[in-house]
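So you can see what is in the structure, the chains are spelled out below.
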Amino acid sequence: MNTSFQTIFDTYNWEMTLNSINAKTAQDVEFALAKTKRDLEDFKALISPAARPYLEQMAQQSRLITKKRFGNTIQMYVPMYLSNECQNICTYCGFSMTNKIPRRTLTDADILKEVAFLKSKGYDHILLVTGEANKTVGVPYIKHAMELIKHQFSNITIEVQPLHQQEYEELIEANLYAVLVYQETYNRAEYKKHHPKGKKSNFDFRLETPDRLGRSGIHKIGLGALFGLEDWRADSFFTALHLKHLQKTYWKTKYSISFPRLRPHSGGLEPKVEMTDSDLVQTICAFRLLDDDVELSMSTRESETFRNHIVHLGITSLSAESKTNPGGYVVEPQSLEQFEISDERSTEAIAKMLQENGLEPVWKDWENTW
Amino acid sequence: MNDLLTIADKTFQSRLFTGTGKFSSNQLMSDALMACESELITVALKRVDVNNEQDQMLKSIMRPHINLLPNTSGVRNAKEAVFAAQLAREALETNWVKLEIHPDPKYLLPDPIETLKAAEELVKLGFVVMPYIHADPVLCKRLEDVGAQCVMPLGAPIGTNKGLKTLDFLEIIIEQSNVPVIVDAGIGSPSHAAFAMELGADAVLVNTAIAVSQKPIEMAKAFKMAVEAGRIAYNAKLATVKHHAEASSPLTSFLN
Ligand code: SF4
């Protein structure tokens, strides 16, 4: 009981896992598609090259399952970057420590200005984002920011550096609803190369973060891999393995999966592995076919066309009009972004697009901040 | 294929657990239980004369490879269950206990609240707790959280032989569980047992269906084979019914 993910993860080997995914046959895919409850072997088949001819069938099923569980709704959320200070080096990120960019951390007044703008757009769920700079944006700063804005949002999610269990408990006490923490890549050796310096270079500490969150009793945990760093099939599989472990162990917690693909940024790392639109669709559908209930989230990293279509394929939450720089909405629109966004449409335009597609944008789903 | 079942510190070759009630004679019981090769046999503590070393029922099933699993059948609340388990530990020299609390004398339906309470207490006292419960997925997780080493959800009310009436919930339990799931009560025929195993149950517990059949020894063999067949089928990954998606306009054409 309560084994942490690392114990399970250590029994797997990257190459062997990848080989077993690539060895799946059309028959395995057909078996997986014919089932109503699928396991991780079925998931492997669904993300394998053999599943490519079945993409339309996967999409149709994924759409039906999503409709059955979530109806015709899409949850809307928006990120707010609080700071671009960071003491880590991550090869793919504009905030990386060695990048010579002006650093900024929002003050209370800045935060309130940004919030006023986001509220005027109708957002009620917010995602607070920081880099890892414990002196300036450590737990006290995050907690303070949450307290400052908690009456204006029904729930607050954070995407910040991995914390310790008691720190999560403290933030939950202060009305934290969800935490997103992406492993970036589950390939231990490659992870080291992308995170040569800073606390983030500790692969295991990051890998264990969702377990600490689970133990702290958080409502929701968001997982994901950054596609482009390593083989997306193996990274998807390990994300699914992680999800299954967490669901079984911390069964009172909800889970969401995100699908970030490497985007251009200042200092630019070219994706090592290309994940095409078809690959991404396949992955999203495979997650939906693995799990009826998991929330699947799509950011503005993706293009207009892609987002217009993906809302029918299994996605359940969407951000819009996002800025990935601190103060990017009103305080300092010109500061440097973490990465370039791709879908630049306004919130209103996205809402309209959803409605025209027979979907209802949901602004408030759950009240966590009484 | 080496496919052993592990519960706490013990491993089992056989995934068929059996009970000792309702047989027409001790001899028949013993023969039937040997025929099905069960390694875990549950006995109602209330039926055993623990002070009598000559207890016929016990004597007739004691074999080196057989583990006796005392059950607390007959108790009505957590307090009585804990007491019964302690008695059993002393009498039968085992810290394993099948926790059964059914205050209702008619359907013998388990009390979830008292069961959870008793399980928590018994785990603290060092017992390997095997709780008999409704097919309630949340209760199963709660029991796992307090340290129960397996869960034993019912397929149908005890003694009814109706099969897996709780199918939808059993599927959820099997999907979610981190501890072995043993389908208990309701299994009335070998096909029910095979079905439970095909679903991914780790074991089944059968008593009435063997004990009250016309030929218990033959039936015991049939159950042994059914459980094995179901397990092999589960491992071999069943092909399932095809569920056709609703035809609608292509969703992926934008990719080309
Ligand atoms: S990804 Fe996060 S930790 Fe890494 S440099 Fe960017 S902000 Fe810092």
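Note that the coordinates shown come from a computational prediction; the quantities given were computed from them, not determined experimentally.

**Q** What is the right way to look at the pattern of salt bridges in this model?
**A** One side chain can pair with another of opposite charge once the charged atoms of both are near each other. Residues and elements named next belong to chain A. A complete count under the given rule lists 38 salt bridges over all chains for this structure. In this structure, E184 engages R206 in a salt bridge whose closest nitrogen and oxygen atoms are separated by 3.5 Å. Highlighted residues: E184 in the loop between strand 4 (176-180) and helix 10 (188-194) and R206 in helix 11 (residues 203-207), separated in sequence by 22 residues. Accessibility classification places E184 together with R206 in one group, the buried group. Among the ionic contacts, a cluster of salt bridges with common partners joins E190, K193, E230 and K272.

**Q** Please clarify how the site of the ligand should be interpreted in this entry.
**A** All residues in the neighbourhood of the ligand are listed as A:C86, A:N88, A:C90, A:Y92, A:C93, A:F95, A:S96, A:G131, A:K200 and A:Q338. Grouping the constituent residues of the shell around the ligand by class yields five nonpolar, four polar and one charged.

**Q** So what exactly am I meant to see when it comes to the environment of A:F205 here?
**A** Residue and element names in this part refer to chain A. Structurally, the position occupied by F205 is in helix 11. Of the residues examined, F205 reaches a relative accessible area of 25% and is grouped as partly exposed. Along the primary structure F205 and H164 are separated by 41 residues, whereas in three dimensions their C-alpha atoms are 9.5 Å apart. The contact partners of F205, leaving out residues within four places of it in the chain, are P162, L163, H164 and R212.

**Q** It is not clear to me how the packing of helix 2 (residues 14-22) of chain A against helix 13 (residues 232-249) of chain A should be interpreted in this structure. Could you clarify?
**A** For any two helices packed against each other, one specifies the crossing angle of their axes together with the interaxial distance. Residue and element names in this part refer to chain A. Running from amino to carboxyl end, helix 2 crosses helix 13 at an angle of 100°, the nearest separation of the two axes being 9 Å. Classed by the angle they form, the pair helix 2 and helix 13 counts as roughly perpendicular. Counting all contacts with helix 2, which are made through W14, T17, L18, I21 and N22, the residues of helix 13 involved are R233, A234, D235, F237 and F238. Here the residues of the contact of helix 2 with helix 13 are counted per class, giving six nonpolar, two polar and two charged.

**Q** Sorry if this is basic, but what is going on with the UniProt feature "active site" (unreviewed entry) in chain B here?
**A** Residue and element names in this part refer to chain B. As recorded in UniProt, the feature "active site" (unreviewed entry) lies at K98. Here K98 is to be found in strand 6 (residues 96-99). Under the relative-accessibility criterion, K98 is labelled buried at 4%. Apart from the residues lying within four places of it in its own chain, the contact partners of K98 are T42, L69, P70, N71, T72, M130, Y132, M152, D184 and L205.

The rules behind each value
Residues numbered from 1 in each chain as written. Chains lettered and ligands numbered in written order. Predicted model: local features only at pLDDT ≥ 70, side-chain atom pairs only at ≥ 80, totals over all residues. Heavy atoms only, no water. Salt bridge = Lys/Arg side-chain N within 4 Å of Asp/Glu carboxyl O. Helix = DSSP H or I, 4+ residues; strand = E, 2+ residues; numbered from the N terminus. Buried < 20%, exposed > 50% of the residue type's maximum accessible area, 1.4 Å probe, protein only. Near = heavy atom within 4 Å. Nonpolar A, V, L, I, M, F, W, Y, C, P; charged D, E, K, R; others polar. Contact = heavy atoms within 4.5 Å. Axes fitted to C-alpha atoms, helices over the stretch in contact; angles between N-to-C directions. Parallel < 35°, antiparallel > 145°, perpendicular 65-115°, else oblique. UniProt positions renumbered as here; feature names shortened; annotations may be inferred.

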